[in-house]
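Now for the letters of each chain:
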Amino acid sequence: MYKDLAPKISDSELEVMRVLWRAGDALPVTDIRETLQKSRGWEATTVKTLVSRLVTKGVLKQEKRGVFYYSPLISEAEYNDWATHDLISRVYHGSARDLVAALVRSDGLTQDDIDELRDLFKLED
């Protein structure tokens, strides 16, 4: 399911999703708005529009509890999996090796990262 939903999430909508993922529970729009007003300076109308779009896209569930509460229908892990595969497909022509090589060349990996990856590959043998 997430493979169909993830591409529909814009960068701004992703900020709304992150608020909900961090909360770990359904939130009313006022809580989402307060968080994004503090971190991004977004107005209430902007947040309401983004939440409404995510509901329309089928990425957020809306539940009436006196006021509407919103919860994600896609987990952060599912979104991250999709985004990683999409990056590898679009930018590195499907080659995860090329992505890792680019990270190494650009000093995007610390020695600790490399050691952890080395240990991970040893477990696969």
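Keep in mind it's a predicted model, so treat the numbers as computed, not measured.

A few words on the pattern of salt bridges. Applying the stated criterion to the full structure yields seven salt bridges. The closest approach of N and O atoms between E15 and R40, which form a salt bridge, is 3.1 Å. Taken as a pair, E15 in helix α2 (residues 11-23) and R40 in helix α3 (residues 29-40) lie far apart in primary sequence, 25 residues in all. R40 gets classed as partly exposed once you look at its relative accessible area, which sits at 46%. With a shortest N-O distance of 3.4 Å, E63 and R65 are connected by a salt bridge. A relative accessible area of 41% places R65 in the partly exposed class. Ionic contacts of the salt-bridge type, sharing partners, join the residues E15, R18 and R40 into one network.

Moving on to the pairing of strand β2 (residues 60-65). In this structure, β2 lies alongside strand β3 (residues 67-72), joined through six bridges in antiparallel fashion. Considered in β3, the bridge of Q62 is made with Y70. Linkage of β2 to β3, two consecutive antiparallel strands, is achieved through a turn of one residue, within which G66 is found at a positive phi near 90°.

So, about the sheet that holds β3. Here we have three strands laid out as an open sheet, ordered β1-β3-β2, and antiparallel in their pairing. Strands at the two margins of the open sheet, each flanked by one partner only, are β1 (27-28) and β2. When β1 meets β3, the two strands line up antiparallel, connected through two bridges. The residue of β3 that forms the bridge with L27 is Y70. Against the sheet, helix α4 (residues 44-56) touches β2 and β3, its axis set at about 110° to β2.

Turning next to the packing of α3 against α4. For the pair α3 and α4, the least separation of the axes is 9 Å and the interaxial angle reads 125°. On the basis of the axis angle, α3 is oblique to α4. Of the two possible hands of crossing, α3 and α4 adopt the one that is right-handed. Between α3 and α4, the residues in contact are V29, I32, R33 and L36 and A44, V47, K48 and V51, respectively. In terms of residue class, the contact of α3 with α4 is made up of six nonpolar, no polar and two charged.

Rules of the game
Residues numbered from 1 in each chain as written. Predicted model: local features only at pLDDT ≥ 70, side-chain atom pairs only at ≥ 80, totals over all residues. Heavy atoms only, no water. Salt bridge = Lys/Arg side-chain N within 4 Å of Asp/Glu carboxyl O. Helix = DSSP H or I, 4+ residues; strand = E, 2+ residues; numbered from the N terminus. Buried < 20%, exposed > 50% of the residue type's maximum accessible area, 1.4 Å probe, protein only. Pairing = 2+ DSSP bridges. Contact = heavy atoms within 4.5 Å. Axes fitted to C-alpha atoms, helices over the stretch in contact; angles between N-to-C directions. Parallel < 35°, antiparallel > 145°, perpendicular 65-115°, else oblique. Left-handed = near helix turned anticlockwise from the far one by under 90°. Nonpolar A, V, L, I, M, F, W, Y, C, P; charged D, E, K, R; others polar.

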